[in-house]
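# Coordinate inspection notes
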Amino acid sequence: MGFRCGIVGLPNVGKSTLFNALTETAAAQAANYPFCTIEPNVGNVGVPDPRLAKLAAIAGSQKIIETQLAFVDIAGLVRGASKGEGLGNQFLGNIREVDAIVHVLRCFENGDVTHVEGKVDPIADAETVETELMLADLESLEKRVPSLVKKGQSGDKESKIAASVLGQALELLRDGKPARLTRPKDVEEERVFAQAQLLTAKPVLYVCNVEEENAATGNAHSARVFEKAAAEGAEAVVVSAAIEAEIATMPLEDRGEFLSELGLAETGLARVIRAGYKLLHLLTFFTVGPKEARAWTVPAGSKAPRAAGEIHTDFERGFIRAETIAYDDYVALGGEAGAREAGKLRQEGKEYVVHDGDVMLFRFNV
């Protein structure tokens, strides 16, 4: 299963530069004018995880394969996008297809790079985009909810459930609040709410794009964004897209020294990727052997057969059991043989809920 994070924001905030650095390609044309990105570019990005290298070293794995997130570079939104301004309908459709929104905000001053609103104000920029997404959701629900209410009153159970949960979302939007504040009361409402694919129901990560000199500490603009994120229960990170783009072109062996000179322990992109992973409530399990050590992604709360299905559908269909070792035990006991001897290799069945860091081997029969 793929997890997609859509990179959004106003034109000229550094979205395409950030995307290029994320994917270490020049797939997205970064240019100083609005709408230089028309069709969304998609790049798969490895999720940094130091545990993988340790597992590979213990097992003597020939290859390391990271788990991945997909990042989608979506063209810049402008005021009026919900009414089709600036190719808005197409862009809103692209956002609807992603699992989470990575909202890039301009937190740098640079007279050479024009700002579509004529001033640098990341909070106003965030509100402009959020307003357009809310207006699009509002228009959609105002058309759908009345008919759902009518069908629900006539005895249609599915429509009654949908009318209840989407009615809550509609009231929030009318109050100027995003749909993600809706609280479905049970599994059925959660399912209906997810199927609605509301733009403002998606979790948000704010990325504060700052000048090079502020990459380590942020600045006054980014501080305001962090306050906004904290108030909303969202995530926020600071990056300098210009620095990240430069790092992406460097040989791997030179990157550490470059980061140290800037007072950075890691790249901003590593923080963005991990924050996106956290935002989507994902966890990592591992498969380890002589050929490869590999990380896999599943939603938190997934059971063992669901994890097995990430590797191959046959594994899920014919699931028998999972031989499972906690990451800490695998490392402390020197691998599978040591864990087995110490009684730390567990036989888990279909109801086992996968934990982050589990090293797993699946037994199946089809």
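Higher on the page you've got the structure.
A few points on the structure. Keep in mind that this is a model prediction, so the values were computed, not measured. (Residues numbered from 1 in each chain as written. Predicted model: local features only at pLDDT ≥ 70, side-chain atom pairs only at ≥ 80, totals over all residues. Heavy atoms only, no water.)

## Concerning the overall build of the chain
Test applied: Helix and strand definitions follow DSSP, with helices as H or I runs of at least four residues and strands as E runs of at least two, each counted in order from the N terminus. With a 1.4 Å probe rolled over the protein chains alone, any residue whose accessible area is under 20% of its type maximum counts as buried; one over 50% counts as exposed, and the rest are partly exposed. Every residue pair with non-hydrogen atoms within 4.5 Å of one another is taken to be in contact. Note that accessible areas follow from Shrake-Rupley with a 1.4 Å probe, and for residues the cover is restricted to the protein chains shown.
Each helix and strand counted, the chain has 14 helices and 12 strands in total. Taking all 366 residues of the chain together, the buried fraction comes to 51%. At a minimum sequence separation of 6, the contacts of the chain that also span at least 24 residues come to 68%. Summed over all atoms, the accessible surface of the chain reaches about 17,200 Å², with 51% contributed by carbon and sulfur.

## Some remarks on the nonpolar core
Most often, soluble globular proteins have nonpolar side chains that are buried together. Using the following cut-off: What is meant by a nonpolar core is a set of buried Ala, Val, Leu, Ile, Met, Phe, Trp, Tyr and Cys residues, joined one to another through side-chain atoms within 4.5 Å.
Counting residues in hydrophobic clusters, the biggest one holds 53 residues, and the most contacted among them are Leu22, Leu69, Phe71, Ile95, Leu205, Tyr206 and Val207. In terms of residue count, helix H10 (residues 268–279) provides more of this core than any other element does, six residues in total. Counting 18 residues, the second largest nonpolar core, distinct from the first, contains Ile161, Ala162, Ala163 and Val165.

## A word on helix H7 (residues 220–232)
Condition: How far a helix is expected to stretch is found by multiplying one less than its residue total by 1.5 Å.
Here H7 contains 13 residues, and its C-alpha end-to-end distance of 19 Å stays within 8% of the 18 Å for a straight helix at 1.5 Å per residue. Contacts from the buried residues of H7 go to strand E5 (100–106), helix H4 (122–153), strand E6 (204–209) and strand E7 (235–239). A positive phi of about 75° marks glycine 233, the residue just after H7.

## Considerations on the packing of aromatic side chains
This is how it is decided: Side-chain rings of Phe, Tyr and Trp, where Trp is taken by its six-membered ring, are said to pair if the distance between their centres is within 6.5 Å; with planes under 30 degrees apart they count as stacked, over 60 as edge-to-face, and otherwise as tilted.
Taken as a whole, this structure holds five aromatic pairs when the rule is applied. For the ring pair phenylalanine 285 and phenylalanine 362, a centre distance of 6.0 Å and an interplane angle of 90° mean the geometry is edge-to-face. On the criterion of sequence distance, the pair formed by phenylalanine 285 in strand E8 (residues 282–288) and phenylalanine 362 in strand E12 (residues 359–364) is long-range, its members being 77 residues apart. Overall, the relative accessible area of 7% leaves phenylalanine 362 in the buried class. When the centroid spacing of 6.4 Å and the interplanar angle of 45° are considered together, the rings of phenylalanine 286 and tyrosine 327 count as tilted. In this pair, phenylalanine 286 sits in strand E8 while tyrosine 327 sits in helix H13 (residues 327–332), placing the two residues 41 residues apart along the sequence. Exposure remark for tyrosine 327: the relative accessible area of 11% places this residue in the buried category.

## Digging into helix H2 (residues 50–59)
The periodicity of an α-helix, 3.6 residues per turn, causes residues three or four positions apart to be oriented the same way. Convention followed: Summarising the geometry, the arc corresponds to the directions from the helix axis toward the C-beta atoms.
Of all the positions in H2, only Arg51, Leu52, Leu55 and Ala56 are classed as buried. On an axial view of H2, the arc spanned by its buried residues comes to 135°, and they lie on one face. For H2, exposure combined with an orientation more than 90 degrees from the buried face picks out Pro50 and Ala57. Taken together, the buried residues of H2 touch strand E3 (63–65), E8, strand E9 (292–299), H13 and E12.

## Looking at the sheet that holds E6
For clarity, the cut-off: Two strands qualify as a pair provided DSSP detects at least 2 bridges between them. Inter-axis angles, ranging from 0 to 180 degrees, are taken between N-to-C directions of lines fitted to C-alpha atoms, where helices are fitted over the stretch in contact.
Read from one edge of the open sheet, six strands run E2-E4-E1-E5-E6-E7, paired in mixed fashion. For this open sheet the edge positions go to strand E2 (41–46) and E7, each flanked by a neighbour on one side alone. Neighbour to neighbour, the strand axes of the sheet diverge by 25° on average, direction disregarded. Two elements, strand E1 (residues 4–8) and strand E4 (residues 68–73), share four bridges in a ladder whose sense is parallel. Bridge assignment links isoleucine 7 to a residue of E4, and that residue is aspartate 73. Lying over the sheet, H4 contacts E5 and E6, oriented at roughly 145° with respect to E5.

## Side note on the packing of H4 against helix H5 (residues 157–174)
Filter applied, for reference: Left-handed describes a crossing in which the near helix is turned anticlockwise from the far one by less than a right angle; the clockwise case is right-handed. Throughout this entry, Asp, Glu, Lys and Arg are counted as charged residues, while Ala, Val, Leu, Ile, Met, Phe, Trp, Tyr, Cys and Pro are counted as nonpolar. The remaining residues, Gly among them, count as polar.
The geometry of H4 relative to H5 is characterised by a closest axis approach of 8 Å and an angle of 145° between their N-to-C directions. Taken as a pair, H4 and H5 cross one another with a handedness that is left-handed. Contacts between H4 and H5 involve Met134, Asp137, Leu138, Leu141, Glu142, Arg144, Val145, Leu148, Val149, Lys151 and Gly152 from the first element and Ser159, Lys160, Ala162, Ala163, Leu166, Gly167, Ala169, Leu170, Leu173 and Arg174 from the second. Partitioning the contact of H4 with H5 into residue classes produces 12 nonpolar, three polar and six charged.

## A look at a negative patch on the surface
Under the convention used in this document: Nonpolar side chains (Val, Leu, Ile, Met, Phe, Trp, Tyr) within 5 Å and like charges within 9 Å form the patches, drawn only from residues with over 30% relative accessible area and no salt bridge. Take a side-chain nitrogen of Lys or Arg and a carboxyl oxygen of Asp or Glu: if they are within 4 Å of each other, that pair is a salt bridge. Neither His nor the chain termini are counted; the positive set is Lys and Arg, and the negative set is Asp and Glu. All charge positions are set by atom: Lys at NZ, Arg at CZ, Asp at CG, Glu at CD.
The grouping of Glu253, Asp254, Glu257 and Glu261 at the surface amounts to a negative patch. Tracing the backbone shows glutamate 253 in helix H9 (residues 252–261). When its relative accessible area of 65% is taken as the criterion, glutamate 253 is described as exposed.

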